[in-house]
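# Secondary and tertiary structure notes
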Amino acid sequence: MKDPYKIIKHPISTEKAVKLMESQNKLTFIVNKDASKTEIKDAIQSVFKVKIIDVNTVILPSGQKKAYIKLSPENPAIDVATKLGLI
């Protein structure tokens, strides 16, 4: 497995990202553009010790890759965001 800190660049704490945390239990990250969904899932699970249901990605017009991470119900996204200092 690649170094998780090379895959995960930084979390996003915009108004939309916070709304997704509260309503859909999702975290949003900017990730390495070359990382696959499986690599992103493994990196998030190993760093934050959470169970992930789904990973969706999108390439932004700026060329960055954004990942939407859907967490399982037993791992509230708000708790992870609090540990990260986003909230």
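Let me begin by describing the structure that accompanies this report. Being a predicted model, the structure only gives us computed values, none of them experimental.

What counts and what doesn't
- Residues numbered from 1 in each chain as written.
- Predicted model: local features only at pLDDT ≥ 70, side-chain atom pairs only at ≥ 80, totals over all residues.
- Heavy atoms only, no water.
- Pairing = 2+ DSSP bridges.
- Helix = DSSP H or I, 4+ residues; strand = E, 2+ residues; numbered from the N terminus.
- Axes fitted to C-alpha atoms, helices over the stretch in contact; angles between N-to-C directions.
- Contact = heavy atoms within 4.5 Å.
- Core = buried A, V, L, I, M, F, W, Y, C linked by side-chain atoms within 4.5 Å.
- Buried < 20%, exposed > 50% of the residue type's maximum accessible area, 1.4 Å probe, protein only.
- Salt bridge = Lys/Arg side-chain N within 4 Å of Asp/Glu carboxyl O.

## Quick look at the sheet that holds strand 4 (residues 65–71)
- In spatial order, the strands read 1-2-4-3; together these 4 strands make up an open sheet with antiparallel pairing. Two strands close off the open sheet at either side, each with one partner strand: strand 1 (8–11) and strand 3 (52–59). Mean inter-strand twist for the sheet, computed between neighbouring axes without regard to direction, equals 30°.
- Across the sheet, helix 3 (residues 37–48) lies against strand 1, strand 2 (26–31), strand 3 and strand 4, angled at about 125° from strand 3, the strand it touches most.

## Some words on the nonpolar core
- Core analysis: the largest hydrophobic core is formed by 20 residues, its most contacted members being L27, F29, I40, I44, I69 and L71.
- Those elements that place two or more of their residues in this core are strand 2, helix 3, strand 3, strand 4 and helix 4 (77–84).

## What about the pattern of salt bridges?
- Under the defined criterion, the tally for this structure stands at 1 salt bridge.
- E39 is the partner of K2 in a salt bridge, and the nearest nitrogen-oxygen pair spans 3.8 Å. Here K2, found in the segment before helix 1 (4–7), pairs with E39, found in helix 3; they are 37 residues apart in sequence, far enough to count as distant.

## Describing the pairing of strand 3
- As judged from the 7 bridges shared by strand 3 and strand 4, these two strands associate in the antiparallel manner. The residue of strand 4 that forms the bridge with T57 is A67.
- The antiparallel hairpin formed by strand 3 and strand 4 contains 5 residues in its connecting segment, where G63 sits at a positive phi of about 95°.

## Considerations on unusual backbone geometry
- A positive phi angle is found at N25, which is not glycine, with a value near 60°.
- Relative to the helices and strands, N25 resides in the loop between helix 2 (15–24) and strand 2.
- Positive phi is not limited to glycine here, since K49 has a value of about 55°.
- Inspection of the secondary structure puts K49 in the loop between helix 3 and strand 3.

## Some thoughts on the environment of T82
- Looking at the secondary structure, you find T82 in helix 4.
- The class of T82 is partly exposed, set by a relative accessible area of 43%.
- Sequence separation of T82 and F29 is 53 residues, and the distance between their C-alpha atoms is 15 Å.

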